[in-house]
Amino acid sequence: MHQSREPHPGQESPIPPALPVPSGRIGAQRPAPVGPDGAPAPADGALGRLAGAVDQLRRQLDEAQAHAAGRSVVEMAVGILVERLRCGPTEAAKQLHRLAEQAGSTPLELAAGLVNQAAADKISEAAQDFVARAADPADPGVGVRLRNTEADALSGSDAAAAARAMLEHALRPLGAVAVAIWAARPDLSLALAGSAGFTDAEARRWRHVPPGVATAARRALDERATVAYRTLADAAVPSIGQHETGGGRIAVPAGVGGRLIGVLEVCWGGELPERSQSLQRQFEALAGLCAATLETWGEDAPDGTPATGRLDELARLVDGLLDPCMVLEPDGDAFPPRFVIRHANPAFVDFAGRPTAALVGSPLLEAYPLAAREGGLLGAVEDVHATGAPFRDPRMPLAALVDGVLLSADAYVSVSRHGSFVTVLWRLADNTPKIARLLHHAQRLGRIGGFEEDLDSRQVVWNDTLFELYGLPATARPIALDELAEHAHPDDRHAVDRFLRTLLHHRRPASTAFRLQRTDGVTRHVRVVAEPVHDHAERLSAVRGAYQDISAQHWTEVALAATRDQLAQTEQQAAERHRLVRQLQHAIMPPSAGPRTLNNLDVAVRYRPAEKDHLVGGDWYDALPLPSGQVLVCVGDVAGHGIEAATGMVALRNALRGLAATGAGPAQLLAWLNSVTHHLTDNVTATAVCGLYDPERRRLRWARAGHLPPVLLRNGNAECLPQVDGILLGVIGRADYQESEVELRPGDRIVMYTDGLIERRDQGLHTSLANLVALSEAAPRAGATALDAHLDHLLRFSGADTDDDTCLVGFEVR
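Residues numbered from 1 in each chain as written. Predicted model: local features only at pLDDT ≥ 70, side-chain atom pairs only at ≥ 80, totals over all residues. Heavy atoms only, no water.

Enquirer: Just to check I follow, could you spell out the side chain of Ser189 for this structure?
Expert: For Ser189, the location among the structural elements is in the loop between strand 1 (176–184) and strand 2 (190–196). A relative accessible area of 0% places Ser189 in the buried class. Excluding its chain neighbours within four sequence positions, the residues that come into contact with Ser189 are Ala183, Ala184, His208, Val209, Pro210, Pro211 and Arg218. (Helix = DSSP H or I, 4+ residues; strand = E, 2+ residues; numbered from the N terminus. Buried < 20%, exposed > 50% of the residue type's maximum accessible area, 1.4 Å probe, protein only. Contact = heavy atoms within 4.5 Å.)

Enquirer: Which parts of the structure should I look at to understand the packing of helix 21 (residues 765–781) against helix 22 (residues 787–797)?
Expert: Angle between the axes and distance between the axes: these two values describe a pair of packed helices. Put simply, helix 21 and helix 22 touch, their axes get as near as 10 Å, and they point 135° apart. Here helix 21 is positioned oblique relative to helix 22, judged by the angle of their axes. With respect to the hand of their crossing, helix 21 and helix 22 are arranged in right-handed fashion. Touching Leu772, Leu775, Ser776, Ala778 and Ala779 of helix 21 are His790, His793, Leu794 and Phe797, all from helix 22. Counted by class, the contact of helix 21 with helix 22 contains six nonpolar, three polar and no charged residues. (Axes fitted to C-alpha atoms, helices over the stretch in contact; angles between N-to-C directions. Parallel < 35°, antiparallel > 145°, perpendicular 65-115°, else oblique. Left-handed = near helix turned anticlockwise from the far one by under 90°. Nonpolar A, V, L, I, M, F, W, Y, C, P; charged D, E, K, R; others polar.)

Enquirer: Sorry, what's going on with the pairing of strand 21 (residues 686–694) here?
Expert: Where a strand is regular, its side chains alternate between the two sheet faces. Of all the nine residues making up strand 21, nine are buried; the element is thus mostly covered by neighbouring parts of the structure. Here strand 21 shows no split at all, with Ala686, Ala688, Cys690, Leu692 and Asp694 on one side and Thr687, Val689, Gly691 and Tyr693 on the other all buried. Pairing of strand 20 (residues 631–641) with strand 21, which is carried by eight bridges, proceeds in the antiparallel orientation. Counted as the bridge partner of Cys634 is Cys690 from strand 21. Across six bridges, strand 21 lies against strand 22 (residues 699–705) in antiparallel orientation. Within strand 22, the residue paired with Tyr693 across the bridge is Leu700. (Pairing = 2+ DSSP bridges.)

Enquirer: Help me out: how do you make sense of the sheet that holds strand 25 (residues 740–743) in this one?
Expert: Where strands meet in a sheet, backbone hydrogen bonds hold them as pairs that are either parallel or antiparallel. Spatially, five strands are ordered 19-20-21-22-25 in an open sheet, and the strand pairing comes out antiparallel. Each of the sheet's edge strands pairs with one partner strand only, and the pair in question is strand 19 (617–625) and strand 25. Along the sheet, successive strands turn relative to each other by an average axial angle of 15°, direction set aside. Its contacts with the sheet put helix 19 (residues 643–660) on strand 19, strand 20 and strand 21, and the angle it makes with strand 19 is roughly 20°.

Enquirer: What is the right way to read unusual backbone geometry from this model?
Expert: Across the chain, the bulk of peptide bonds are trans and the bulk of non-glycine residues have phi less than zero. Residue Ala236 is not a glycine yet carries a positive backbone phi of 55°. Structurally, Ala236 is set in the loop between helix 9 (232–235) and strand 5 (249–256). On the basis of relative accessibility, which here comes to 64%, the residue Ala236 falls in the exposed class. Of note in this structure, Asn599 is not a glycine but carries a positive phi near 60°.

Enquirer: Please clarify how the pattern of salt bridges should be interpreted in this entry.
Expert: If charged atoms from side chains of opposite charge come close, those side chains can pair. All chains considered together, the criterion is met by 35 salt bridges. Residue Arg477 pairs with Glu483 through a salt bridge whose shortest N-O separation is 3.4 Å. Residue classification places Arg477 among the exposed residues on the basis of a relative accessible area of 57%. What you see here is one network of salt bridges that share partners, running through Asp694, Arg697, Arg699, Glu741 and Glu743. (Salt bridge = Lys/Arg side-chain N within 4 Å of Asp/Glu carboxyl O.)

Enquirer: So what exactly am I meant to see when it comes to the sheet that holds strand 15 (residues 523–534) here?
Expert: With antiparallel pairing, the five strands of this open sheet are ordered in space as 13-12-16-15-14. The open sheet is flanked by strand 13 (460–462) and strand 14 (510–517), the only strands paired with a single partner. Across this sheet, the average inter-strand angle for adjacent strands is 25°, counted without regard to direction. Relative to strand 16 (residues 540–549), strand 15 runs antiparallel, the two sharing nine bridges. Following the sheet pairing, Ala530 is matched in strand 16 by Gly545. The strands touched by helix 16 (residues 493–505) are strand 14, strand 15 and strand 16; relative to strand 14, the strand with the most contacts, the crossing angle is about 145°.

Enquirer: What should I look at first to understand a nonpolar patch on the surface in this one?
Expert: A contiguous nonpolar surface patch, about 280 Å² in accessible area, is contributed by Ile727, Leu728, Val731 and Ile732. Take Val731: it is sitting in the loop between strand 24 (717–720) and strand 25. By relative accessible area, Val731 is classed as partly exposed at 41%. (Patch = residues over 30% accessible without salt bridge, like charges linked within 9 Å, V, L, I, M, F, W, Y side chains within 5 Å. Areas by Shrake-Rupley, 256 points an atom, 1.4 Å probe, with all protein chains shown as cover.)

Below you can see the structure in the form of structure tokens.
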């Protein structure tokens, strides 16, 4: 072989300054405007000359880019020959040209082949597959196109340059007209890192795809596989360029080291060409190049949208902080910006006690709505995001609403901007020494000892109280959990085994009580509670918990057992009281009353008391002819159970009877009844529905105070009457109620009822009302045609499971 020869000073470069580029394949020039005869199109004055100069410069730039890409491939091939032939660069370059002449190919084609052979990557696989199939002997090869694409893309300055290189070198020969490089974001959104072949307006419109939008790229990420559409228009899938290039579309996931970080999406003007293994290998090779592009330039998306790499880098930075810190990002271009919590570091502790997973991905004002208060956290974040000036407050009040409860804390807060992201670091007011002392005294007074056991190293840590509880010196070896049964009373070892099985095998928090037999012969009654601790891989790594000496509590319970006989007498008295309440209800409202005729209205009632005496409530009904000739029908429910609810029911029922004699309408009656409930009773609230029926006009006027709407059955079809507004009785001293009127026909049947008829613990109110409507329609078909039978059918098949009182008033127009 040739011996190594180094070039002399001043010797010519071993690589030609420019290589011939096959036309139509690499760096194809844009044609100049031509007229009908093939001559250059005429241009008017200076504007035409300027357009011609711009077009010429663009062609020169394209040619320079193509030459640069080819030169990079040749340089790589020369390096391979230097290593294999053990010669200098000049000799290697000459060998490359001689070998190309002997093979009847260009130096660029031979260089691409050498690089493919040495690289053994996806580009090489695509090239070898293409050669094996001999797809086009006249084509210089897939390898040349892909290597030029790789060289041009990696020599660019951003992902947009990589997209242009892929389109011009590798995809246009396949008929593609556009390409998009998507970056996958941690919140399951997509960012357009680079594109080529689309208009600027279309690229700006698709710069950010929110989570949950089922684009072709999103589907490729979710399925972790290539997704193809013969035509995007027929598939009805939203994606970039859907109105410009609605033809074939293919999306290939791009990943590094098994981690998907983006998607390569290729677009055709017409139908998707027939897919083959060769084409698939080319797309996978380009997707690998796409992943390398995102790893290199993912931080600088051309549209200004922060990409995955920048957030990942910032997340790694804040993860190293010892104080709680979260990363915020403005969502979209809205003003004022809407900030979303994108990341929280491992040290992050929500001062309201919520888990970190429940906050990441939520808008800042959704997680901390009180941050919008004047001088609050949101104002500081907005100022820092707008100006870039860091913010510090040694004692900022923080507040959050959790389940309607206001939780607050004071903290040192630091806010700073990093690109378009904002980091918020807080350190709760340093009361650690004081809290530690309080905790120590609380453990001493409660005789509580804490422990933590590392299941990997078998190291057990106890506090001082636990050594005292076990009667051991502070220098003794702590007792591990698997030895716990040996120190328990023999009769309690089964309970201890069940506790350990739940904790260690089922990996759930557990607790138990047992008798601890100490080495000094003393027996203590102890309760232990513990929880499993999982590492980042969800593997059980440790157990932590606490022991409490409940000996005093145990002996107290023994003493209390002696008083249970005395309590039995009290329970008998309470049972007698409940029986009296039930008798009071039955005296006022019999469980059933047959149909009675009031003018041209048949009225029937049913009352079903609670099954348990202590649940006897304040449900009531009434049907009364008035001096005006109208008929009063009403149903109500006083909140609560027992004697208080029953006496409240009597007061409201009698009050409404008296008020109805004034001739006022149902809305006015409820307004007066609300004042009675608010001022004349002791903390009583109630619901009610009140109706006045006019026999001459066959019209029902009705109003409701927080009660369920009546059900109308007409010609076999049932429906709830449209609800009108009305607040509960007794909540406020003065309230107004709406009134509605419905015209009834002969045969119409209306049922008023309390919630005990429909309430179920496993379904919502709307579902329960729908079931009642369906049950009302089914009653006549089941043979319950009479009014009495209809009410009995509703009681029998309602399916309520709350054991509450139930009242029904049914009336039918004759």
